[in-house]
Amino acid sequence: MSKKLNFKFPNESPHEGIPLGNGNFGVLIWGCDNRFHLTINLQNYWNHRGKIVWGKNASYEKACKVILNTPA
């Protein structure tokens, strides 16, 4: 049995994209013209229920290094 996902394209913002995920890792697929965007997120980066308080040194660049497992 094949499964098909259909959604409106173009989508000019991530808020219009199609969400895909498993509860821990999520992706929004969106774009317009000849551009295709993936907005990627991990729940444990934004989830503060574990009493993690992000300081002023938290940044997108540092998050990328952690996700890509590269040295800081």
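Please refer to the structure higher up on the page.
So, a few notes on the structure that sits alongside this text.

About the criteria used
Along each chain, residue indices are assigned from 1 in the same order as the chain's sequence is written. pLDDT decides what is reported in this predicted model: residues at 70 or higher carry local features, side-chain atom pairs at 80 or more are listed and counted, and totals for whole chains, interfaces and linings draw on all residues regardless. By convention in this description, side-chain values take in all heavy atoms of the structure and omit both hydrogens and water. Strands are runs of DSSP state E lasting at least 2 residues, helices are runs of H or I lasting at least 4, and numbering of each runs from the N terminus. Only protein chains enter the area calculation, which uses a 1.4 Å probe; residues under 20% of their type maximum are buried, those over 50% are exposed, and those in between are partly exposed. Residue contacts follow a heavy-atom distance rule, with two residues in contact if any of their heavy atoms lie within 4.5 Å. We get accessible surface area from the Shrake-Rupley algorithm with a probe of 1.4 Å; when it comes to residues, only the shown protein chains can shield them. Strand pairing is assigned whenever DSSP detects at least two bridges linking the two strands. Convention adopted: a line fitted to C-alpha atoms gives each axis, helices being fitted over their contacting stretch, and angles between N-to-C directions are expressed from 0 to 180 degrees.

A tally of helices and strands in the chain yields two helices and three strands. What you see in the chain, going N to C, is helices and strands ordered as β-β-β-α-α. The buried share among the 72 residues of the chain stands at 11%. For the chain, the share of sequence-separated contacts (at least 6 apart) that also reach a separation of at least 24 residues comes to 6%. In the form shown here, the chain has an accessible surface area of approximately 6600 Å², with 59% of it arising from carbon and sulfur atoms.

The next point concerns the sheet that holds strand E3 (residues 35–42). Within the open sheet, the three strands sit side by side as E1-E2-E3. Their pairing is antiparallel. The open sheet has two free edges, formed respectively by strand E1 (18–21) and E3, since each of these has just one partner strand. The sheet shows a mean angle of 25 degrees between the axes of neighbouring strands, taken without regard to direction. Bridge count for strand E2 (residues 25–32) against E3 is eight bridges, and the pairing is antiparallel. Pairing of glycine 26 across the sheet is with asparagine 41, part of E3.

With four bridges joining them, E1 and E2 adopt antiparallel strand pairing. From the neighbouring strand, isoleucine 18 faces E2, where its bridge partner is isoleucine 29. If you look at the hairpin formed by E1 and E2, you'll find three residues sitting between the two strands, and glycine 23 has a positive phi there, around 95 degrees. Remark: two residues form the turn of the hairpin made by E2 and E3, two consecutive strands paired antiparallel; aspartate 33 in that turn has positive phi of roughly 55 degrees.

Okay, unusual backbone geometry next. At aspartate 33, a residue that is not glycine, the phi angle is positive and equals roughly 55 degrees. Tracing the sequence through the fold places aspartate 33 in the loop between E2 and E3.

By themselves, these are just geometric observations and shouldn't be taken as functional.
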